[in-house]
Amino acid sequence: MLLQPTTTVSPKHVLASIDESYECCRQITAKYSKTFYMGTMLMSEAKRRAIWAIYVWCRRTDELVDGPSAKFTTEATLDDWESQLESVFAGRPQDDYDVAMVDALEHFTLDIQPFRDMIEGQRMDLRCSRYETFEDLKLYCYRVAGTVGLMSTVVMGVDPEYGTAPWATTIPCPIDEAIALGIANQLTNILRDVGEDARRGRIYLPLEDLELFNYSERDLINGVIDERWRALMRFQIQRALKFYREAERGITLLSPDARWPVWSALMLYRKILDVIAENQYDVFNRRAFVPTVRKLLCLPPALLRARVL
Ligand SMILES: CC(C)=CCC/C(C)=C/CC/C(C)=C/CC/C(C)=C/[C@@H]1[C@@H](COP(=O)(O)OP(=O)(O)O)[C@]1(C)CC/C=C(\C)CC/C=C(\C)CCC=C(C)C
Ligand SMILES: Nc1ncnc2c1ncn2[C@@H]1O[C@H](COP(=O)(O)OP(=O)(O)OP(=O)(O)O)[C@@H](O)[C@H]1O
Ligand SMILES: [Mn+2]
C-alpha cells in the first residue's frame, strides 16, 4: 500500500467518500499493526474508526523518515506535511486518507498540537542519530509516541463517573499516564530494533547509558553480546517497565469501553520485552516477535484487569 500520494490533488479531483476512506484506514491499520488493530476491534464503531484515521496519519508521518522513500525526505517535505495537517484541521482534506481524519475531527475535539509535536519528532530523526542523555531520548519518545497517547485518549474518553463526586469540579484526565504508555511503547520499540537501527547508522540508546556499562558505540555496531550488553539491556527493560507501571494507573480513569483495548495493547506490547529476555538479549540477529497465539492469550487477562481494576 502506497501511503504517500503520488500526485498533487487538483481542485477538481474527486476524493474518496468518508466510508471508503475509513475502510482504507482500517485495512492499513490491520496490515501494519496487528497489536493496535486487535485493540481497536474491542472499541465502539465511532471510536475505532477515529483511531484508524489517526493510525494512518501517524503511520504516514513515520514513513516519511522511516519508510522506503525516506531518503528523499527533507525539512521541506516535513514543512509541506505540516501545511497539509493545517488544511485537515481547517476541514480541507488534501487526499483520500485525509477524508477520514477530517471526519474524525468533526466527531472528536482533537488538539492540533500533539500532531505538530509528532512532526517535530520526525525532524529530530532527520537532524540527529545519537542521544547523549535519557532526558534527550525521552523528549524524542514523547514527540513520536507520547503524542499518540494524547490523541487516542481524546477519542477513547474518560469515565464521566469521576466528575460526579461532590468535591470534583472537573473530570480528571490521565494525560501523564497516556504519555507514559506512548513512551513505554517507544522504548520497547527501540530495544526491539537496536540491530536494525544500528545497521542504518542510528543509536537510540542514550550514550550515557552505554558509558555506564562500559559498552562502546563500536561494540554496539559490531553486535557484541556479552555480560556488559545483557546488564545494559536489563537496565533499559527496567526503565521501560517503570513507564508501563505509570501508564497502568491511568487506565481506570478511561471510559469503561476503552479499558480492555488499552490493557490489551499495553500487555501485548510489553510482551515484546519478555521475548527480548527469552532471546538472551540478542536484538542484533533476531527480531523479538510475539506469536499471534500468545497475543490472543493476553486478551482474557486484559479483560479481567479492565473489569476489576
Ligand atoms: C489501542 C489503541 C488506542 C491504539 C492506538 C493506535 C495508534 C493510533 C497508533 C499509532 C502508531 C504509529 C504509527 C505511530 C507513529 C510513530 C511510531 C511508529 C511509533 C511506534 C509505535 C509502534 O508501532 P510498530 O510496532 O508498528 O512500529 P514499527 O513501525 O513496526 O517499528 C510506537 C511504539 C508508539 C505507539 C504509541 C501508542 C500506541 C500510544 C499508546 C497510548 C495510549 C493508547 C493511551 C492510553 C491511555 C492511558 C491513560 C494509559
Ligand atoms: N514499513 C513497512 N512496509 C511494508 N510492510 C510493513 C511495514 N511495517 C510492517 N509491515 C508489514 O506489517 C506486518 C506486521 O508488522 P510488524 O513486524 O510490526 O508486526 P505486527 O505483528 O504488526 O506487530 P506490531 O503490532 O507489534 O507492530 C509485517 O509482516 C509486514 O508485512
Ligand atoms: Mn509494526
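Whatever comes next refers back to the structure up there.
Residues numbered from 1 in each chain as written. Chains lettered and ligands numbered in written order. Predicted model: local features only at pLDDT ≥ 70, side-chain atom pairs only at ≥ 80, totals over all residues. Heavy atoms only, no water.

A. Main features of the site of ligand 2. Around ligand 2, the surrounding shell consists of Lys31, Tyr32, Ser33, Lys34, Thr35, Glu63, Tyr269, Arg287 and Lys295. Within the side chain of Arg287, an N or O atom sits 2.5 Å from an oxygen atom of ligand 2. For ligand 2, whose unbound accessible area comes to 610 Å², protein coverage reaches 60%. Going through the elements one at a time, α1 (18-32) and α2 (34-40) are the ones with two or more residues in the shell around ligand 2. Class assignment for the residues of the shell around ligand 2 results in two nonpolar, two polar and five charged. (Near = heavy atom within 4 Å. Polar contact = N/O pair within 3.5 Å; in protein donor to acceptor, adjacent residues only side chain to side chain. Areas by Shrake-Rupley, 256 points an atom, 1.4 Å probe, with all protein chains shown as cover. Helix = DSSP H or I, 4+ residues; strand = E, 2+ residues; numbered from the N terminus. Nonpolar A, V, L, I, M, F, W, Y, C, P; charged D, E, K, R; others polar.)

B. Seen up close, the environment of Leu205. Locating Leu205 in the fold gives a position in the loop between α9 (194-199) and α10 (207-212). Remark: the alpha-carbon pair of Leu205 and Leu137, spanning 68 residues in sequence, is separated by 7.8 Å. Ignoring anything within four residues of it in the chain, the contact list for Leu205 reads Tyr131, Ile190, Leu191, Val194, Leu210, Leu220, Trp229, Leu232 and Gln236. (Contact = heavy atoms within 4.5 Å.)

C. Geometry of the packing of helix α3 (residues 45-66) against helix α7 (residues 134-156). Closest axis-to-axis distance for the α3/α7 pair is 9 Å, and the angle between their directions is 160°. Judged by the inter-axis angle, α3 sits roughly antiparallel to α7. Here the hand of the crossing between α3 and α7 comes out right-handed. Of α7, the residues touching α3 (which contributes Lys47, Ala50, Ile51, Ile54, Trp57 and Cys58) are Val148, Met151, Ser152, Val155 and Met156. (Axes fitted to C-alpha atoms, helices over the stretch in contact; angles between N-to-C directions. Parallel < 35°, antiparallel > 145°, perpendicular 65-115°, else oblique. Left-handed = near helix turned anticlockwise from the far one by under 90°.)

D. Region of interest: the site of ligand 1. Taken together, 30 residues surround ligand 1, and among them Tyr55, Arg59, Asn189, Arg192 and Tyr269 come closest. Here Asn189 contributes a side-chain N or O atom positioned 3.1 Å from an oxygen atom of ligand 1. For ligand 1, an oxygen atom lies 3.0 Å from a polar atom in the side chain of Arg192. Notes on ligand 1: free accessible area 1,100 Å², of which the protein chains cover 94%. For the shell around ligand 1, the secondary-structure elements that each account for two or more residues are α3, α7, α8 (175-192), α12 (227-251) and α13 (256-278). Sort the elements by how many residues they give to the shell around ligand 1 and α8 lands first, with eight residues. The residue makeup of the shell around ligand 1, split by class, is 17 nonpolar, eight polar and five charged.

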